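Summary of the model geometry
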Amino acid sequence: MVGTIPLIGPIPGGPELLIILLVLVLLFGANKIPKLARSTGQAMGEFKKGREEVEEELQEMQGDDLEEGADSDAGAVSGADEADEETEEATEKNE
């Protein structure tokens, strides 16, 4: 069997974390690290809110599609079939 190669290495442990923290303190200074952490947390929160809004909109769209399908008659053409027919008609007009 061929093993998979991870794209990201393992999570750094004790000594590696200390080195990373030391480099961060040297680069940004001890006063700026809490500000960076705070702004990163706020950005993550904004991203999460945006993602949840998009997911809700997608669920609403799917719910609308399901309601339209339930309201239509059994012999009616579904939305996908209508789109296929429109594409065929456009193709025939172009020929």
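Residues numbered from 1 in each chain as written. Predicted model: local features only at pLDDT ≥ 70, side-chain atom pairs only at ≥ 80, totals over all residues. Heavy atoms only, no water.

1. A closer look at the overall build of the protein chain
Counting its secondary structure elements, the protein chain contains three helices and zero strands. Sorting the 95 residues of the protein chain into buried and exposed places 0% on the buried side. Carbon together with sulfur atoms contributes 60% to the accessible area of the protein chain, which is approximately 9100 Å² in total. (Helix = DSSP H or I, 4+ residues; strand = E, 2+ residues; numbered from the N terminus. Buried < 20%, exposed > 50% of the residue type's maximum accessible area, 1.4 Å probe, protein only. Areas by Shrake-Rupley, 256 points an atom, 1.4 Å probe, with all protein chains shown as cover.)

2. Some remarks on a negative patch on the surface
Taken together, the side chains of Glu 52, Glu 53, Glu 56, Glu 57, Glu 60, Asp 64, Asp 65, Glu 67 and Glu 68 present a region of like negative charge at the surface. Position of Glu 57 among the secondary structure elements: in helix H2 (residues 32-71). (Patch = residues over 30% accessible without salt bridge, like charges linked within 9 Å, V, L, I, M, F, W, Y side chains within 5 Å. Salt bridge = Lys/Arg side-chain N within 4 Å of Asp/Glu carboxyl O. Lys, Arg positive; Asp, Glu negative; His and termini not counted. Charge placed at Lys NZ, Arg CZ, Asp CG, Glu CD.)

3. Thoughts on the pattern of salt bridges
Following the criterion strictly, the structure yields one salt bridge and no others. The partner of Glu 55 in a salt bridge is Arg 51, with the nearest N and O atoms 3.7 Å apart. Taken together, the positions of Glu 55 and Arg 51, both in helix H2 and four residues apart, correspond to about one turn of that helix. Residue Glu 55 is classed as partly exposed on the basis of its relative accessible area of 41%.

4. Quick look at the confidence of the model for the protein chain
The predicted model of the protein chain averages 77 in pLDDT, with 64% of residues at 70 or higher. No element of the protein chain has a lower mean pLDDT than helix H3 (residues 79-94), which averages 59, and none a higher one than H2, which averages 88. A low-confidence stretch, residues 73-78 stays under pLDDT 50, and its non-local contacts, those more than four residues away or across chains, total two contacts. (pLDDT = per-residue confidence, 0-100. Contact = heavy atoms within 4.5 Å.)

5. Some thoughts on helix H1 (residues 14-28)
Helix length check: H1 (15 residues) gives 21 Å between terminal C-alpha atoms against 21 Å at 1.5 Å per residue, within 8%. Just downstream of H1, Gly 29 is the residue with a positive phi angle, here 85 degrees. (Expected span 1.5 Å × (residues − 1).)

6. Observations regarding a nonpolar patch on the surface
On the surface, Leu 17, Ile 19, Ile 20, Leu 21, Val 23, Leu 24, Leu 27, Phe 28 and Leu 36 cluster together into a nonpolar patch covering about 790 Å² of accessible area. Here the nonpolar patch takes eight residues from H1, the largest share from any one element. Taking the relative accessible area as the measure of exposure, Leu 17 reaches 42% and is therefore partly exposed.

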